[in-house]
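# Architecture at a glance
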Amino acid sequence: MSAGPSSSVGQAAQNVAHAAEEFMDQMNTTQEDGGEEEETSAAVGGGDDSMDSRKKKLEQLRQRMRSSAQANRASVVEESTKAKVTAREAARLERQRKLAETLRQKADADDRGEDVERQKNWEYTVEENDEWEKKLARKARRADFSFNDDADAARRKYKKDLDFIKPDLSTYNKQKEIALGLAAGTLSKPGASSSALSTFDPSGSAVQVAPTSLEQQLAAENLYRDANSLLYADNKPSEEAIDRVISKINKDVDKKSKFSRKRHNEEEGDITYINERNRVFNKKIARYYDKYTAEIRASFERGTAL
């Protein structure tokens, strides 16, 4: 009888403890859910802030792209403008600069009461003056204003190219020393006489010295060739000579590519004349009658004239 009430009391205590544990578990679950909601809301709010910052950064990048594109476009325009200044334009500006400098020097000399040409000639030596006079005389001799064919043009070009040829005197003196049997460096010394060249005769006359050794004889035949010589096409030019020829050819090609004959009718439009006198006459006529014949000429150009 005494065991029944004690067992019922223990069962009731267990039920109360179990109910208390369930209540505590429920409270903990509610708190955890509330914390997750707060974290989720905070995360959502932080996402909005990060999206705004990203938009700002994107706008900044776009602004930098626009500014760089404008700077690139400006640099391209500047380079194209500089490229339009051709070599001819640069030469024209250089001529204008020199002309302005000459005029300024002339004005300064006039203020001081001096002669510009006389003052300029003081800067040249006697040798330079002689060379300049020879150049003017040579130019006057070659001046030919008559009608010429291709052969005359080639001859004049050949004569002009001869002025730029510089003979290799050192190699020539070495060959002459071997041919004449002289010591090395005899003709290369400053002030050495070249009378041996005039006293040597390849034919071997009695009054002149003939080469003795085989090497000297071959050198003499190579240097002083005549109609009886069997040596032909055995010359091997040096690398310097080949480079000199190539540079001359490249210079001629470059000069020919830059050459452009000035045409007097470039700014006048259509050519309506057959010679210079007719051009002047047409210009005088057009000065008075172009305003009356403009419509007729336009109709002819359109093909609608009667």
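Note: the structure precedes this text.
The notes below deal with the structure included here. What you see is a predicted model, and the numbers here were worked out from it, not measured in a lab.

### Here we look at the overall build of the protein chain
- Counting its secondary structure elements, the protein chain contains 10 helices and zero strands.
- Ordered by position in the sequence, the α and β elements of the protein chain form the string α-α-α-α-α-α-α-α-α-α.
- In the protein chain, which comprises 306 residues, the proportion classed as buried is 6%.
- For the protein chain, the accessible area works out to roughly 27,400 Å², and carbon and sulfur atoms hold 56% of it.

### Overview of helix 10 (residues 276–302)
- In this model helix 10 runs just 28 Å from its N-terminal to its C-terminal C-alpha over 27 residues, more than 12% under the 39 Å that 1.5 Å per residue would give.
- Along helix 10, the helix axis deviates most sharply at Asp290, where the bend reaches about 75 degrees.
- A distance of 3.4 Å separates the backbone nitrogen of Arg277 from a side-chain oxygen at the start of helix 10, and that oxygen is part of Asn275.
- Of the residues trailing helix 10, Gly303 is marked for its positive phi of about 80 degrees.

### Quick look at a positive patch on the surface
- Together, Lys135, Lys139, Arg155, Arg156, Lys159, Lys160, Lys251 and Lys255 make up a region of like positive charge exposed at the surface.
- Elements with a contribution of two residues or more to the positive patch: helix 4 (126–142), helix 5 (150–162) and helix 9 (239–258).
- Looking at where Arg156 falls in the secondary structure, it is placed in helix 5.

### Let's talk about a nonpolar patch on the surface
- Taken together, the side chains of Phe281, Ile285, Tyr288, Tyr289 and Tyr292 present a nonpolar region at the surface, about 610 Å² in accessible area.
- Among the secondary structure elements, Tyr289 is positioned in helix 10.
- Tyr289 sits in the partly exposed class, given a relative accessible area of 48%.

What counts and how
- Residues numbered from 1 in each chain as written.
- Predicted model: local features only at pLDDT ≥ 70, side-chain atom pairs only at ≥ 80, totals over all residues.
- Heavy atoms only, no water.
- Helix = DSSP H or I, 4+ residues; strand = E, 2+ residues; numbered from the N terminus.
- Buried < 20%, exposed > 50% of the residue type's maximum accessible area, 1.4 Å probe, protein only.
- Areas by Shrake-Rupley, 256 points an atom, 1.4 Å probe, with all protein chains shown as cover.
- Expected span 1.5 Å × (residues − 1).
- Bend = angle between axes of the 7 residues up to and from the residue.
- Polar contact = N/O pair within 3.5 Å; in protein donor to acceptor, adjacent residues only side chain to side chain.
- Patch = residues over 30% accessible without salt bridge, like charges linked within 9 Å, V, L, I, M, F, W, Y side chains within 5 Å.
- Salt bridge = Lys/Arg side-chain N within 4 Å of Asp/Glu carboxyl O.
- Lys, Arg positive; Asp, Glu negative; His and termini not counted.
- Charge placed at Lys NZ, Arg CZ, Asp CG, Glu CD.

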